[in-house]
Amino acid sequence: MACVLVADDDADIRDLVAFKLTQGGHEVTTVEDGLRALQAVRELKVDIALLDIRMPGISGLDLCRQLRAAPETAALPIILITARSQEGDVETGFEAGADDYIIKPFSPRELSIRVEAVLARASR
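This section reports on the structure supplied with the text. (Residues numbered from 1 in each chain as written. Predicted model: local features only at pLDDT ≥ 70, side-chain atom pairs only at ≥ 80, totals over all residues. Heavy atoms only, no water.)

Section: the sheet that holds strand β2 (residues 27-31)
Here is step 1: On the basis of which strands lie adjacent, the open sheet formed by five strands has the order β2-β1-β3-β4-β5 and parallel pairing. Unpaired on one side and paired on the other, β2 and β5 (100-103) mark the two borders of the sheet. On average, each strand axis in the sheet is inclined to that of its neighbour by 20 degrees, with strand direction left out of account.
Here is step 2: In terms of strand pairing, strand β4 (residues 78-82) meets β5 through four bridges, oriented parallel. Considered in β5, the bridge of Thr 82 is made with Ile 103. (Pairing = 2+ DSSP bridges. Helix = DSSP H or I, 4+ residues; strand = E, 2+ residues; numbered from the N terminus. Axes fitted to C-alpha atoms, helices over the stretch in contact; angles between N-to-C directions.)

Below is the structure:
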């Protein structure tokens, strides 16, 4: 069981992701913007963060860069979730430090599999 942070300004996406990951046995915390996500990472023991790229306050890309730059969160597994599907967008996501990049709309099953894969790689 992992502690998962889901940051997305779309309540339906947050609820869907939280439901699927809770079904998989994970403890899920949801927030609606980048500032609250940063606060949650600092206050909770988060094992993985799923970040929407376009959020109010701090974007998922900027938050990913901030987390990678801080020694205490540099190794935190991060998956970006976004509707931005152009090759350049994906490249920018990985350049920001993301471990994976999921394009909306996505299959809840695929999301769950990707989360498990990133967690497994991080635990090695």
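Moving on from the model shown.
Focus on the packing of aromatic side chains
Here is step 1: Applying the stated criterion across every chain yields a total of one aromatic pair.
Here is step 2: On the basis of an interplanar angle of 40 degrees and a centroid distance of 6.4 Å, the ring pair of Phe 94 and Tyr 101 is categorised as tilted. (Phe/Tyr/Trp six-rings, centres within 6.5 Å; stacked < 30°, edge-to-face > 60°.)

Examining the environment of Arg 65
Here is step 1: Relative to the helices and strands, Arg 65 resides in helix α3 (residues 60-69).
Here is step 2: Judged by its relative accessible area of 39%, Arg 65 falls in the partly exposed class. (Buried < 20%, exposed > 50% of the residue type's maximum accessible area, 1.4 Å probe, protein only.)

Topic: the state of the cysteines
Here is step 1: Evaluated as defined, the whole model comprises zero disulfides.
Here is step 2: We note that Cys 3 lacks a disulfide partner, and the nearest cysteine sulfur, in Cys 64, lies 18 Å from it. (Disulfide = S-S within 2.5 Å.)

Observations concerning helix α2 (residues 34-43)
Here is step 1: Taken as a whole, α2 has its buried residues at Gly 34, Ala 37, Leu 38, Ala 40 and Val 41. Viewed along the axis of α2, the buried residues span an arc of 160 degrees, placing them on a single side of the element. Away from its buried face, by an angle of more than 90 degrees, α2 presents the exposed residues Leu 35, Arg 42 and Glu 43.
Here is step 2: In this structure, the buried side of α2 is in contact with β1 (3-7), β2 and α3.
Here is step 3: For α2, the capping residue at the N-terminal end is Asp 33, with a side-chain oxygen 3.1 Å from the backbone nitrogen of Leu 35. (Arc of directions from axis to C-beta. Contact = heavy atoms within 4.5 Å. Polar contact = N/O pair within 3.5 Å; in protein donor to acceptor, adjacent residues only side chain to side chain.)

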